[in-house]
Amino acid sequence: MASIAILGGTGALGSALAMRLARAGWTVVVGSRDAAKARDAAAGLAALYPDIAISGAGLAEAAARAEICVLAVPYAAHAETLAQVREAVAGKIFVDTTVPLRPPKVGTVQLPAAGAAAVEAAQALGETVRVVSALQTIGAEKLAAGGAIDADVLVAADDAEAAETVRALLADIGLRSWHVGPLANSAAAEAMTSLIIQINRRYKINQAGIRITGKPKDAPVTAMGLSVRPVPGLPHIAPGDDLAVLIGEAIIAGGVELAEGDVVVVAQKIVSKAEGRTVRLAAVTPGAEAIADAERTGRDAAMVELIRAESSEVMRVTPGVVIARHRLGHVAANAGIDQSNVAHDEGETALLWPVDPDHSAAVLREALQRRFGVRLAVVISDSLGRAWRMGTTGTAIGVSGLKPLRDRRGESDLFGRVLQATVTGVADEIAAAASLVIGEAAEGVPVAVVSGATYEPAENQGIGEILRPLDQDLFR
Ligand SMILES: NC(=O)c1ccc[n+]([C@@H]2O[C@H](COP(=O)([O-])OP(=O)(O)OC[C@H]3O[C@@H](n4cnc5c(N)ncnc54)[C@H](OP(=O)(O)O)[C@@H]3O)[C@@H](O)[C@H]2O)c1
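Rules of the game
Residues numbered from 1 in each chain as written. Predicted model: local features only at pLDDT ≥ 70, side-chain atom pairs only at ≥ 80, totals over all residues. Heavy atoms only, no water. Helix = DSSP H or I, 4+ residues; strand = E, 2+ residues; numbered from the N terminus. Rg over C-alpha atoms; globule rule 2.2 N^0.38 Å. Buried < 20%, exposed > 50% of the residue type's maximum accessible area, 1.4 Å probe, protein only. Contact = heavy atoms within 4.5 Å. Areas by Shrake-Rupley, 256 points an atom, 1.4 Å probe, with all protein chains shown as cover. Lys, Arg positive; Asp, Glu negative; His and termini not counted. Charge placed at Lys NZ, Arg CZ, Asp CG, Glu CD. Domains from an automatic or database assignment. Near = heavy atom within 4 Å. Polar contact = N/O pair within 3.5 Å; in protein donor to acceptor, adjacent residues only side chain to side chain. Pairing = 2+ DSSP bridges. Axes fitted to C-alpha atoms, helices over the stretch in contact; angles between N-to-C directions. Right-handed = clockwise from strand over helix to strand, strands pointing away. Salt bridge = Lys/Arg side-chain N within 4 Å of Asp/Glu carboxyl O.

The chain appears in an unreviewed UniProt entry as Coenzyme F420-0:L-glutamate ligase/NADPH-dependent F420 reductase from Caulobacter ginsengisoli.

This is the structure in C-alpha coordinates:
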(Lines give C-alpha, C1' and ligand atoms only; values in the text may rest on other atoms or scores of the structure.)
Protein backbone atom coordinates (compact mmCIF):
# COMPACT_ATOMS: atom_id res chain seq x y z
CA MET A 1 0.00 0.00 0.00
CA ALA A 2 1.16 3.56 -0.65
CA SER A 3 2.80 5.80 1.91
CA ILE A 4 1.01 8.67 3.53
CA ALA A 5 2.24 11.61 5.60
CA ILE A 6 0.09 13.05 8.36
CA LEU A 7 1.24 16.63 8.84
CA GLY A 8 0.16 17.42 12.37
CA GLY A 9 0.16 13.69 13.13
CA THR A 10 1.01 14.40 16.76
CA GLY A 11 -2.38 16.11 17.31
CA ALA A 12 -5.89 14.87 18.07
CA LEU A 13 -7.10 14.21 14.53
CA GLY A 14 -3.67 13.46 13.07
CA SER A 15 -2.70 10.79 15.59
CA ALA A 16 -6.07 9.04 15.22
CA LEU A 17 -5.68 9.05 11.43
CA ALA A 18 -2.11 7.81 11.69
CA MET A 19 -3.20 4.95 13.92
CA ARG A 20 -6.13 3.93 11.70
CA LEU A 21 -4.18 4.19 8.44
CA ALA A 22 -1.17 2.30 9.77
CA ARG A 23 -3.41 -0.44 11.13
CA ALA A 24 -5.10 -0.65 7.72
CA GLY A 25 -1.71 -1.40 6.14
CA TRP A 26 -0.59 2.06 4.97
CA THR A 27 3.02 3.13 5.48
CA VAL A 28 2.60 6.21 7.65
CA VAL A 29 4.98 9.10 8.27
CA VAL A 30 3.99 11.33 11.18
CA GLY A 31 4.96 14.95 10.44
CA SER A 32 5.59 17.55 13.13
CA ARG A 33 7.26 20.92 13.49
CA ASP A 34 9.58 19.00 15.78
CA ALA A 35 11.07 15.86 14.17
CA ALA A 36 11.89 14.29 17.55
CA LYS A 37 8.28 14.76 18.68
CA ALA A 38 7.12 13.07 15.45
CA ARG A 39 9.45 10.12 16.00
CA ASP A 40 8.19 9.76 19.59
CA ALA A 41 4.58 9.78 18.44
CA ALA A 42 5.36 7.14 15.80
CA ALA A 43 7.24 5.02 18.32
CA GLY A 44 4.30 5.25 20.72
CA LEU A 45 1.93 3.84 18.10
CA ALA A 46 4.43 1.19 17.01
CA ALA A 47 4.68 0.03 20.61
CA LEU A 48 0.90 -0.41 20.71
CA TYR A 49 0.64 -2.07 17.29
CA PRO A 50 3.93 -3.87 16.58
CA ASP A 51 3.00 -4.90 13.02
CA ILE A 52 2.43 -1.41 11.63
CA ALA A 53 4.80 0.57 9.35
CA ILE A 54 5.18 4.00 10.91
CA SER A 55 7.94 6.57 11.33
CA GLY A 56 8.25 10.26 12.22
CA ALA A 57 9.93 13.25 10.60
CA GLY A 58 9.85 17.01 10.32
CA LEU A 59 7.04 18.44 8.22
CA ALA A 60 8.88 18.88 4.91
CA GLU A 61 10.69 15.56 5.17
CA ALA A 62 7.50 13.69 6.05
CA ALA A 63 5.75 15.26 3.04
CA ALA A 64 8.69 14.40 0.79
CA ARG A 65 8.68 10.74 1.86
CA ALA A 66 4.99 10.13 1.18
CA GLU A 67 2.85 9.79 -1.95
CA ILE A 68 -0.23 11.28 -0.29
CA CYS A 69 -0.17 14.03 2.37
CA VAL A 70 -2.86 14.84 4.92
CA LEU A 71 -2.87 18.19 6.68
CA ALA A 72 -4.22 18.12 10.24
CA VAL A 73 -3.06 21.30 11.98
CA PRO A 74 -5.11 24.13 13.50
CA TYR A 75 -6.15 26.89 11.13
CA ALA A 76 -3.78 29.25 12.93
CA ALA A 77 -0.91 27.14 11.56
CA HIS A 78 -2.48 26.49 8.12
CA ALA A 79 -0.70 29.07 5.94
CA GLU A 80 2.63 28.56 7.67
CA THR A 81 2.50 24.76 7.32
CA LEU A 82 1.49 24.98 3.67
CA ALA A 83 4.47 27.23 2.98
CA GLN A 84 6.78 24.73 4.69
CA VAL A 85 5.68 21.71 2.65
CA ARG A 86 4.97 23.46 -0.70
CA GLU A 87 7.92 22.02 -2.56
CA ALA A 88 7.66 18.56 -1.03
CA VAL A 89 4.02 18.05 -2.04
CA ALA A 90 4.36 19.09 -5.70
CA GLY A 91 2.47 16.66 -7.95
CA LYS A 92 0.87 14.80 -5.01
CA ILE A 93 -2.59 14.36 -3.58
CA PHE A 94 -2.96 16.69 -0.61
CA VAL A 95 -5.86 16.10 1.78
CA ASP A 96 -6.87 19.17 3.77
CA THR A 97 -8.93 18.52 6.91
CA THR A 98 -8.75 22.10 8.15
CA VAL A 99 -11.73 23.91 9.58
CA PRO A 100 -10.98 27.64 9.38
CA LEU A 101 -12.05 28.41 12.93
CA ARG A 102 -10.29 30.89 15.12
CA PRO A 103 -11.34 30.46 18.79
CA PRO A 104 -13.20 31.46 20.83
CA LYS A 105 -16.37 31.78 18.70
CA VAL A 106 -16.11 28.30 17.20
CA GLY A 107 -19.88 27.78 17.28
CA THR A 108 -20.30 30.41 14.58
CA VAL A 109 -19.31 29.70 10.99
CA GLN A 110 -16.09 31.44 10.00
CA LEU A 111 -14.89 31.13 6.42
CA PRO A 112 -11.85 32.86 4.89
CA ALA A 113 -12.04 35.39 2.04
CA ALA A 114 -11.07 32.70 -0.51
CA GLY A 115 -14.28 30.85 0.46
CA ALA A 116 -12.71 27.81 2.13
CA ALA A 117 -9.49 26.76 3.83
CA ALA A 118 -9.05 24.01 1.22
CA VAL A 119 -9.25 26.63 -1.56
CA GLU A 120 -6.56 28.62 0.25
CA ALA A 121 -4.45 25.45 0.34
CA ALA A 122 -4.87 24.94 -3.41
CA GLN A 123 -3.87 28.56 -4.03
CA ALA A 124 -0.85 28.27 -1.74
CA LEU A 125 0.39 24.94 -3.09
CA GLY A 126 0.11 25.65 -6.81
CA GLU A 127 -1.49 23.89 -9.74
CA THR A 128 0.41 20.60 -9.65
CA VAL A 129 -1.02 19.65 -6.27
CA ARG A 130 -4.34 17.83 -6.28
CA VAL A 131 -6.04 19.20 -3.17
CA VAL A 132 -8.89 17.16 -1.71
CA SER A 133 -10.93 18.41 1.23
CA ALA A 134 -12.20 15.80 3.68
CA LEU A 135 -12.88 14.75 7.26
CA GLN A 136 -14.01 18.08 8.73
CA THR A 137 -17.18 16.52 10.16
CA ILE A 138 -15.57 13.48 11.81
CA GLY A 139 -14.66 13.71 15.48
CA ALA A 140 -11.05 12.86 16.33
CA GLU A 141 -12.09 11.12 19.54
CA LYS A 142 -14.35 8.72 17.67
CA LEU A 143 -11.59 7.93 15.21
CA ALA A 144 -9.14 7.38 18.02
CA ALA A 145 -11.52 4.99 19.78
CA GLY A 146 -10.95 2.61 16.89
CA GLY A 147 -14.54 1.32 16.57
CA ALA A 148 -17.13 1.74 13.84
CA ILE A 149 -17.93 5.35 12.93
CA ASP A 150 -21.60 6.19 12.55
CA ALA A 151 -20.99 9.28 10.40
CA ASP A 152 -20.10 10.08 6.80
CA VAL A 153 -17.26 12.10 5.29
CA LEU A 154 -17.83 14.81 2.69
CA VAL A 155 -15.08 14.90 0.08
CA ALA A 156 -14.70 18.00 -2.11
CA ALA A 157 -12.18 18.11 -4.95
CA ASP A 158 -11.80 19.48 -8.47
CA ASP A 159 -9.95 16.32 -9.49
CA ALA A 160 -12.44 13.43 -9.50
CA GLU A 161 -9.73 10.79 -9.64
CA ALA A 162 -7.96 12.25 -6.60
CA ALA A 163 -11.31 12.34 -4.80
CA GLU A 164 -11.84 8.64 -5.53
CA THR A 165 -8.32 7.80 -4.31
CA VAL A 166 -9.07 9.58 -1.05
CA ARG A 167 -12.47 7.91 -0.77
CA ALA A 168 -10.79 4.51 -1.12
CA LEU A 169 -8.32 5.49 1.59
CA LEU A 170 -11.18 6.54 3.85
CA ALA A 171 -12.96 3.26 3.17
CA ASP A 172 -9.79 1.48 4.31
CA ILE A 173 -10.22 3.05 7.74
CA GLY A 174 -13.93 2.31 7.93
CA LEU A 175 -15.31 5.64 6.76
CA ARG A 176 -18.10 6.00 4.22
CA SER A 177 -17.67 9.11 2.09
CA TRP A 178 -19.35 11.07 -0.67
CA HIS A 179 -17.70 13.19 -3.36
CA VAL A 180 -19.74 16.37 -3.02
CA GLY A 181 -18.34 18.36 -5.94
CA PRO A 182 -15.60 20.92 -6.60
CA LEU A 183 -13.08 22.01 -4.01
CA ALA A 184 -14.99 25.28 -3.53
CA ASN A 185 -17.80 23.18 -2.00
CA SER A 186 -15.45 22.44 0.87
CA ALA A 187 -16.88 25.68 2.30
CA ALA A 188 -20.06 23.81 3.28
CA ALA A 189 -18.17 20.97 4.99
CA GLU A 190 -15.90 23.43 6.79
CA ALA A 191 -18.92 25.49 7.88
CA MET A 192 -20.70 22.36 9.07
CA THR A 193 -18.27 21.99 11.97
CA SER A 194 -19.71 25.01 13.76
CA LEU A 195 -23.20 23.55 13.37
CA ILE A 196 -21.99 20.25 14.80
CA ILE A 197 -20.32 22.08 17.71
CA GLN A 198 -23.67 23.78 18.43
CA ILE A 199 -25.47 20.42 18.31
CA ASN A 200 -22.87 18.81 20.59
CA ARG A 201 -23.27 21.57 23.13
CA ARG A 202 -27.03 21.94 23.01
CA TYR A 203 -27.89 18.24 23.09
CA LYS A 204 -24.87 17.03 25.07
CA ILE A 205 -23.67 14.74 22.28
CA ASN A 206 -20.13 13.48 22.31
CA GLN A 207 -19.02 14.31 18.77
CA ALA A 208 -22.13 14.34 16.60
CA GLY A 209 -21.67 13.50 12.95
CA ILE A 210 -23.65 13.70 9.74
CA ARG A 211 -25.14 10.84 7.74
CA ILE A 212 -26.29 10.95 4.12
CA THR A 213 -29.51 8.99 3.66
CA GLY A 214 -30.70 7.22 0.51
CA LYS A 215 -29.14 4.42 -1.47
CA PRO A 216 -27.21 4.87 -4.74
CA LYS A 217 -29.04 3.27 -7.65
CA ASP A 218 -26.12 1.03 -8.57
CA ALA A 219 -25.30 0.04 -4.99
CA PRO A 220 -24.66 -3.70 -4.74
CA VAL A 221 -27.57 -5.69 -3.45
CA THR A 222 -26.46 -7.02 -0.10
CA ALA A 223 -28.17 -9.86 1.64
CA MET A 224 -30.41 -8.38 4.29
CA GLY A 225 -29.43 -9.42 7.78
CA LEU A 226 -31.37 -9.03 10.98
CA SER A 227 -30.82 -5.94 13.02
CA VAL A 228 -32.16 -5.13 16.47
CA ARG A 229 -31.86 -1.49 17.43
CA PRO A 230 -32.73 -0.18 20.89
CA VAL A 231 -34.80 3.00 21.09
CA PRO A 232 -33.26 4.89 24.00
CA GLY A 233 -34.40 8.05 25.71
CA LEU A 234 -38.02 7.31 26.62
CA PRO A 235 -39.16 9.14 29.75
CA HIS A 236 -40.75 7.36 32.69
CA ILE A 237 -44.25 6.48 31.55
CA ALA A 238 -47.24 7.62 33.59
CA PRO A 239 -50.93 6.71 33.30
CA GLY A 240 -52.56 8.54 30.40
CA ASP A 241 -49.31 9.17 28.51
CA ASP A 242 -49.66 8.94 24.76
CA LEU A 243 -47.20 6.12 24.23
CA ALA A 244 -47.23 6.34 20.43
CA VAL A 245 -46.21 10.00 20.57
CA LEU A 246 -43.46 9.33 23.11
CA ILE A 247 -42.10 6.33 21.19
CA GLY A 248 -42.22 8.34 17.95
CA GLU A 249 -40.25 11.17 19.55
CA ALA A 250 -37.67 8.76 20.99
CA ILE A 251 -37.28 7.07 17.59
CA ILE A 252 -36.57 10.44 15.97
CA ALA A 253 -34.30 11.69 18.77
CA GLY A 254 -32.41 8.39 18.76
CA GLY A 255 -31.82 8.60 15.00
CA VAL A 256 -33.49 5.21 14.48
CA GLU A 257 -34.66 5.18 10.87
CA LEU A 258 -37.78 3.10 10.32
CA ALA A 259 -38.09 1.11 7.10
CA GLU A 260 -40.96 -0.74 5.47
CA GLY A 261 -41.71 -3.93 7.38
CA ASP A 262 -39.80 -3.10 10.55
CA VAL A 263 -41.22 -4.50 13.78
CA VAL A 264 -41.43 -2.18 16.76
CA VAL A 265 -41.23 -4.28 19.92
CA VAL A 266 -42.59 -2.59 23.03
CA ALA A 267 -42.13 -3.91 26.56
CA GLN A 268 -45.50 -4.71 28.13
CA LYS A 269 -44.49 -2.76 31.19
CA ILE A 270 -44.69 0.67 29.58
CA VAL A 271 -47.91 -0.21 27.78
CA SER A 272 -49.43 -1.25 31.11
CA LYS A 273 -48.17 1.89 32.82
CA ALA A 274 -49.58 4.16 30.13
CA GLU A 275 -52.89 2.32 30.34
CA GLY A 276 -53.05 2.82 34.11
CA ARG A 277 -52.75 -0.89 35.00
CA THR A 278 -50.88 -0.22 38.22
CA VAL A 279 -52.71 -1.50 41.30
CA ARG A 280 -51.95 -0.58 44.92
CA LEU A 281 -51.86 -3.81 46.92
CA ALA A 282 -53.34 -2.04 49.95
CA ALA A 283 -56.50 -1.47 47.93
CA VAL A 284 -56.96 -5.20 47.19
CA THR A 285 -59.06 -7.32 49.57
CA PRO A 286 -57.99 -10.95 49.31
CA GLY A 287 -60.66 -13.63 49.34
CA ALA A 288 -60.47 -16.91 51.29
CA GLU A 289 -58.90 -18.86 48.38
CA ALA A 290 -56.24 -16.19 47.86
CA ILE A 291 -55.43 -16.23 51.57
CA ALA A 292 -55.06 -20.04 51.50
CA ASP A 293 -52.85 -19.95 48.38
CA ALA A 294 -50.82 -17.12 49.87
CA GLU A 295 -50.04 -19.30 52.84
CA ARG A 296 -48.87 -22.15 50.60
CA THR A 297 -46.72 -19.91 48.42
CA GLY A 298 -45.48 -17.48 51.01
CA ARG A 299 -46.68 -14.68 48.71
CA ASP A 300 -48.60 -11.58 49.68
CA ALA A 301 -52.32 -12.44 49.83
CA ALA A 302 -53.30 -9.29 47.92
CA MET A 303 -50.88 -10.26 45.16
CA VAL A 304 -52.37 -13.75 44.97
CA GLU A 305 -55.84 -12.22 44.81
CA LEU A 306 -54.74 -10.13 41.82
CA ILE A 307 -53.28 -13.22 40.15
CA ARG A 308 -56.55 -15.04 40.63
CA ALA A 309 -58.54 -12.11 39.31
CA GLU A 310 -56.36 -11.93 36.20
CA SER A 311 -56.55 -15.67 35.53
CA SER A 312 -59.04 -18.11 34.09
CA GLU A 313 -57.36 -21.00 35.94
CA VAL A 314 -54.78 -21.38 38.67
CA MET A 315 -52.67 -24.34 37.54
CA ARG A 316 -49.98 -24.84 40.18
CA VAL A 317 -49.37 -23.30 43.56
CA THR A 318 -45.92 -24.01 44.98
CA PRO A 319 -43.74 -22.11 47.45
CA GLY A 320 -42.89 -18.78 45.87
CA VAL A 321 -44.79 -19.30 42.61
CA VAL A 322 -48.32 -19.38 41.29
CA ILE A 323 -48.65 -20.67 37.73
CA ALA A 324 -51.86 -19.47 36.18
CA ARG A 325 -53.62 -19.38 32.86
CA HIS A 326 -54.10 -15.69 32.24
CA ARG A 327 -57.59 -14.73 31.13
CA LEU A 328 -56.08 -14.10 27.64
CA GLY A 329 -54.90 -17.74 27.47
CA HIS A 330 -51.17 -17.37 28.19
CA VAL A 331 -49.80 -19.65 30.89
CA ALA A 332 -47.41 -17.63 33.00
CA ALA A 333 -45.97 -17.38 36.48
CA ASN A 334 -48.08 -14.95 38.53
CA ALA A 335 -50.37 -14.39 35.52
CA GLY A 336 -47.79 -11.95 34.20
CA ILE A 337 -48.19 -9.62 37.15
CA ASP A 338 -44.98 -7.89 37.96
CA GLN A 339 -43.52 -5.82 40.72
CA SER A 340 -40.16 -4.92 39.17
CA ASN A 341 -39.60 -1.53 37.56
CA VAL A 342 -42.69 -0.18 39.26
CA ALA A 343 -42.35 2.80 41.62
CA HIS A 344 -43.32 2.01 45.19
CA ASP A 345 -43.52 5.53 46.64
CA GLU A 346 -47.18 5.14 47.62
CA GLY A 347 -46.98 1.64 49.10
CA GLU A 348 -46.55 -1.73 47.38
CA THR A 349 -47.90 -1.81 43.85
CA ALA A 350 -48.21 -4.39 41.10
CA LEU A 351 -48.52 -3.98 37.37
CA LEU A 352 -51.10 -5.99 35.42
CA TRP A 353 -50.88 -6.79 31.72
CA PRO A 354 -52.79 -4.46 29.40
CA VAL A 355 -56.48 -5.32 29.15
CA ASP A 356 -56.12 -6.21 25.46
CA PRO A 357 -52.46 -6.25 24.30
CA ASP A 358 -53.47 -6.89 20.65
CA HIS A 359 -55.56 -3.74 20.73
CA SER A 360 -52.70 -1.82 22.39
CA ALA A 361 -50.37 -3.04 19.61
CA ALA A 362 -52.85 -2.02 16.91
CA VAL A 363 -53.24 1.49 18.35
CA LEU A 364 -49.47 1.97 18.55
CA ARG A 365 -48.97 0.56 15.06
CA GLU A 366 -51.53 2.81 13.45
CA ALA A 367 -50.09 5.94 15.06
CA LEU A 368 -46.47 5.03 14.24
CA GLN A 369 -47.32 4.12 10.65
CA ARG A 370 -49.08 7.46 10.24
CA ARG A 371 -46.14 9.33 11.73
CA PHE A 372 -43.38 7.57 9.77
CA GLY A 373 -45.21 6.72 6.54
CA VAL A 374 -44.03 3.11 6.40
CA ARG A 375 -45.78 -0.21 6.99
CA LEU A 376 -44.83 -1.59 10.40
CA ALA A 377 -45.74 -4.39 12.77
CA VAL A 378 -45.89 -4.00 16.53
CA VAL A 379 -45.23 -6.67 19.15
CA ILE A 380 -45.95 -6.19 22.85
CA SER A 381 -43.49 -8.37 24.73
CA ASP A 382 -42.92 -9.64 28.22
CA SER A 383 -40.17 -11.83 29.69
CA LEU A 384 -41.63 -15.19 30.53
CA GLY A 385 -40.13 -18.37 31.88
CA ARG A 386 -40.34 -21.67 30.03
CA ALA A 387 -41.77 -24.73 31.78
CA TRP A 388 -38.82 -27.05 31.19
CA ARG A 389 -35.99 -24.60 30.73
CA MET A 390 -34.34 -22.14 33.05
CA GLY A 391 -34.14 -18.46 32.13
CA THR A 392 -36.76 -16.12 30.77
CA THR A 393 -37.04 -15.07 27.12
CA GLY A 394 -38.88 -12.24 25.42
CA THR A 395 -42.35 -13.50 24.52
CA ALA A 396 -45.09 -11.87 22.46
CA ILE A 397 -48.30 -11.18 24.37
CA GLY A 398 -49.88 -8.89 21.77
CA VAL A 399 -49.29 -8.27 18.06
CA SER A 400 -50.48 -6.11 15.22
CA GLY A 401 -49.48 -6.26 11.57
CA LEU A 402 -48.00 -9.74 11.53
CA LYS A 403 -49.07 -13.35 11.74
CA PRO A 404 -47.60 -14.73 15.00
CA LEU A 405 -47.02 -18.13 13.41
CA ARG A 406 -45.13 -18.85 10.22
CA ASP A 407 -46.54 -22.05 8.80
CA ARG A 408 -43.88 -23.66 6.67
CA ARG A 409 -45.66 -26.99 6.20
CA GLY A 410 -45.74 -27.90 2.54
CA GLU A 411 -42.45 -26.09 1.80
CA SER A 412 -39.52 -28.24 0.70
CA ASP A 413 -36.35 -28.68 2.70
CA LEU A 414 -32.88 -28.60 1.05
CA PHE A 415 -33.33 -32.17 -0.16
CA GLY A 416 -36.80 -31.69 -1.55
CA ARG A 417 -38.51 -33.38 1.40
CA VAL A 418 -41.80 -31.64 2.12
CA LEU A 419 -41.91 -30.14 5.63
CA GLN A 420 -44.67 -31.83 7.61
CA ALA A 421 -44.74 -30.08 10.96
CA THR A 422 -42.69 -26.92 10.80
CA VAL A 423 -44.59 -23.98 12.21
CA THR A 424 -42.37 -21.30 13.73
CA GLY A 425 -43.45 -18.93 16.46
CA VAL A 426 -42.23 -15.83 14.64
CA ALA A 427 -43.79 -13.32 17.03
CA ASP A 428 -42.02 -14.94 19.98
CA GLU A 429 -38.75 -15.13 18.05
CA ILE A 430 -38.96 -11.41 17.28
CA ALA A 431 -39.79 -10.62 20.91
CA ALA A 432 -36.85 -12.75 22.05
CA ALA A 433 -34.48 -11.01 19.63
CA ALA A 434 -35.66 -7.62 20.89
CA SER A 435 -35.20 -8.68 24.50
CA LEU A 436 -31.46 -8.85 23.82
CA VAL A 437 -31.47 -5.05 23.81
CA ILE A 438 -34.60 -4.24 25.80
CA GLY A 439 -33.43 -3.61 29.35
CA GLU A 440 -34.94 -5.71 32.11
CA ALA A 441 -33.10 -4.03 34.94
CA ALA A 442 -32.19 -0.39 35.31
CA GLU A 443 -31.24 0.11 31.63
CA GLY A 444 -34.61 1.66 30.91
CA VAL A 445 -34.78 0.77 27.20
CA PRO A 446 -38.31 -0.54 26.77
CA VAL A 447 -38.55 -0.36 22.95
CA ALA A 448 -36.53 -1.92 20.14
CA VAL A 449 -36.86 -1.99 16.37
CA VAL A 450 -36.29 -5.34 14.66
CA SER A 451 -35.48 -5.08 10.93
CA GLY A 452 -35.06 -7.87 8.43
CA ALA A 453 -37.16 -10.51 10.20
CA THR A 454 -39.13 -12.83 7.93
CA TYR A 455 -42.80 -12.80 8.82
CA GLU A 456 -46.14 -12.81 7.11
CA PRO A 457 -47.80 -9.38 7.25
CA ALA A 458 -51.40 -9.60 8.42
CA GLU A 459 -54.16 -7.18 9.30
CA ASN A 460 -56.56 -7.88 12.16
CA GLN A 461 -54.50 -10.80 13.45
CA GLY A 462 -53.95 -11.09 17.18
CA ILE A 463 -51.62 -13.23 19.26
CA GLY A 464 -54.36 -15.87 19.83
CA GLU A 465 -53.19 -18.36 17.22
CA ILE A 466 -49.89 -18.85 19.07
CA LEU A 467 -51.72 -20.30 22.09
CA ARG A 468 -52.04 -24.08 22.00
CA PRO A 469 -55.73 -25.06 22.14
CA LEU A 470 -56.68 -26.66 25.45
CA ASP A 471 -57.68 -29.93 23.76
CA GLN A 472 -54.09 -30.24 22.45
CA ASP A 473 -52.52 -29.70 25.85
CA LEU A 474 -50.64 -32.97 26.43
CA PHE A 475 -49.87 -32.24 30.06
CA ARG A 476 -53.28 -31.60 31.51
N1 LIG B 1 -10.12 17.46 16.41
C2 LIG B 1 -11.11 17.08 15.64
O3 LIG B 1 -12.03 16.39 16.07
C4 LIG B 1 -11.11 17.49 14.18
C5 LIG B 1 -12.06 16.91 13.34
C6 LIG B 1 -12.07 17.26 12.01
C7 LIG B 1 -11.16 18.19 11.54
N8 LIG B 1 -10.26 18.75 12.39
C9 LIG B 1 -9.29 19.71 11.87
O10 LIG B 1 -8.03 19.08 11.93
C11 LIG B 1 -7.03 20.04 12.25
C12 LIG B 1 -6.27 19.55 13.47
O13 LIG B 1 -7.13 19.51 14.56
P14 LIG B 1 -6.68 18.89 15.93
O15 LIG B 1 -7.81 18.96 16.84
O16 LIG B 1 -6.05 17.57 15.67
O17 LIG B 1 -5.58 19.93 16.36
P18 LIG B 1 -4.48 19.88 17.50
O19 LIG B 1 -4.45 18.55 18.14
O20 LIG B 1 -4.67 21.07 18.35
O21 LIG B 1 -3.16 20.15 16.66
C22 LIG B 1 -2.66 19.28 15.73
C23 LIG B 1 -1.17 19.48 15.57
O24 LIG B 1 -0.91 20.67 14.85
C25 LIG B 1 0.44 21.07 15.11
N26 LIG B 1 0.57 22.52 15.12
C27 LIG B 1 1.25 23.24 14.20
N28 LIG B 1 1.16 24.53 14.45
C29 LIG B 1 0.45 24.69 15.55
C30 LIG B 1 0.01 25.81 16.29
N31 LIG B 1 0.30 27.04 15.93
N32 LIG B 1 -0.70 25.58 17.39
C33 LIG B 1 -1.00 24.32 17.77
N34 LIG B 1 -0.62 23.23 17.09
C35 LIG B 1 0.08 23.40 15.98
C36 LIG B 1 0.84 20.41 16.41
O37 LIG B 1 1.82 19.46 16.07
P38 LIG B 1 3.36 19.66 16.33
O39 LIG B 1 3.52 20.43 17.60
O40 LIG B 1 3.84 18.26 16.41
O41 LIG B 1 3.88 20.39 15.14
C42 LIG B 1 -0.41 19.68 16.87
O43 LIG B 1 -0.15 18.42 17.45
C44 LIG B 1 -7.74 21.37 12.46
O45 LIG B 1 -7.65 22.16 11.32
C46 LIG B 1 -9.16 20.95 12.70
O47 LIG B 1 -10.08 21.92 12.27
C48 LIG B 1 -10.20 18.40 13.70
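Alright, that's what it looks like, and here's the rest.
Draft legend 1. Highlighting the overall build of the chain. Within the chain one finds 14 helices and 21 strands. The C-alpha radius of gyration of the chain comes to 30 Å, more than 25% above the 23 Å expected for a compact globule of 476 residues. Along the three orthogonal principal directions, the C-alpha set of the chain runs to about 95 × 60 × 45 Å. Among the 476 residues that make up the chain, the fraction classed as buried is 45%. A fraction of 66% describes how many contacts in the chain between residues 6 or more apart in sequence connect residues 24 or more apart. Carbon and sulfur atoms make up 54% of the accessible area of the chain, which amounts to about 23,500 Å² in all. Charged side chains of the chain number 44 positive and 54 negative; the gap between the two group centres comes to 1 Å.

Draft legend 2. Molecular detail of the domain arrangement of the chain. When the domains of the chain are assigned, the result is domain 1 (3-203), domain 2 (227-275 + 353-472) and domain 3 (278-351). Here the C-alpha centre of domain 3 lies 63 Å away from the C-alpha centre of domain 1.

Draft legend 3. Up close: the site of the ligand. Surrounding the ligand, one finds 20 residues, the nearest of these being Thr10, Leu13, Ser32, Lys37 and Val73. Between the ligand and the protein, one listed contact pairs an oxygen atom with a backbone N or O atom of alanine 140 at 2.9 Å. When isolated, the ligand has an accessible area of 870 Å², and the protein chains bury 74% of it.

Draft legend 4. Highlighting the sheet that holds strand β14 (residues 331-333). Spatial ordering of the open sheet is given by β12-β13-β14, a layout of 3 strands whose pairing is antiparallel. Each edge of the sheet is formed by a strand with only one pairing partner; in this case those strands are β12 (311-318) and β14. In this sheet, adjacent strand axes meet at a mean angle of 25° when their direction is disregarded. Two strands pair when backbone bridges link them, and strand β13 (residues 321-326) and β14 are joined in this way by 3 bridges, in the antiparallel orientation. Its bridge partner being in β14, alanine 324 is matched across the sheet by alanine 332. Packed onto the sheet, helix α11 (residues 288-297) meets β12 and β13 and runs at close to 35° relative to β12. Each of β12 and β13 is contacted by helix α12 (residues 301-310), which is oriented at about 135° to β12, the strand it contacts most.

Draft legend 5. Up close: the sheet that holds strand β17 (residues 389-402). Spatially, 6 strands are ordered β9-β20-β10-β16-β17-β21 in an open sheet, and the strand pairing comes out mixed. Looking at which strands have only one partner, the edges of the open sheet turn out to be β9 (227-230) and β21 (457-458). Relative to strand β16 (residues 377-386), strand β10 (residues 263-267) runs parallel, the two sharing 5 bridges. Each bridged residue has a counterpart across the sheet, and for alanine 267 the counterpart in β16 is serine 381.

Draft legend 6. Here's a closer look at the pairing of strand β3 (residues 53-58). Strand direction decides the pairing type here: strand β2 (residues 27-32) and β3, joined by 6 bridges, are parallel. When the bridges of β3 are listed, serine 32 appears paired with glycine 58. The parallel pair β2 and β3 is bridged by helix α2 (residues 35-48), and the resulting crossover is right-handed.

Draft legend 7. The pattern of salt bridges, seen in detail. Across all of its chains, the model carries 19 salt bridges by this definition. One salt bridge connects arginine 229 with aspartate 262, and the closest N-O pair in it is separated by 3.4 Å. A residue pair is termed long-range when its members are at least 10 positions apart, and arginine 229 in strand β9 and aspartate 262 in the loop between α9 (243-253) and β10 qualify at 33 residues. Of the residues examined, aspartate 262 reaches a relative accessible area of 3% and is grouped as buried. Linking arginine 325 and glutamate 313 is a salt bridge whose minimum nitrogen-to-oxygen distance equals 3.3 Å.

Draft legend 8. Examining the side chain of serine 32 more closely. Residue position: serine 32 is located in strand β2. The class for serine 32 is buried, based on a relative accessible area of 6%. If we skip the residues at most four places from it in the chain, serine 32 touches Thr10, Lys37, Ala38, Ala57, Gly58 and Leu59.

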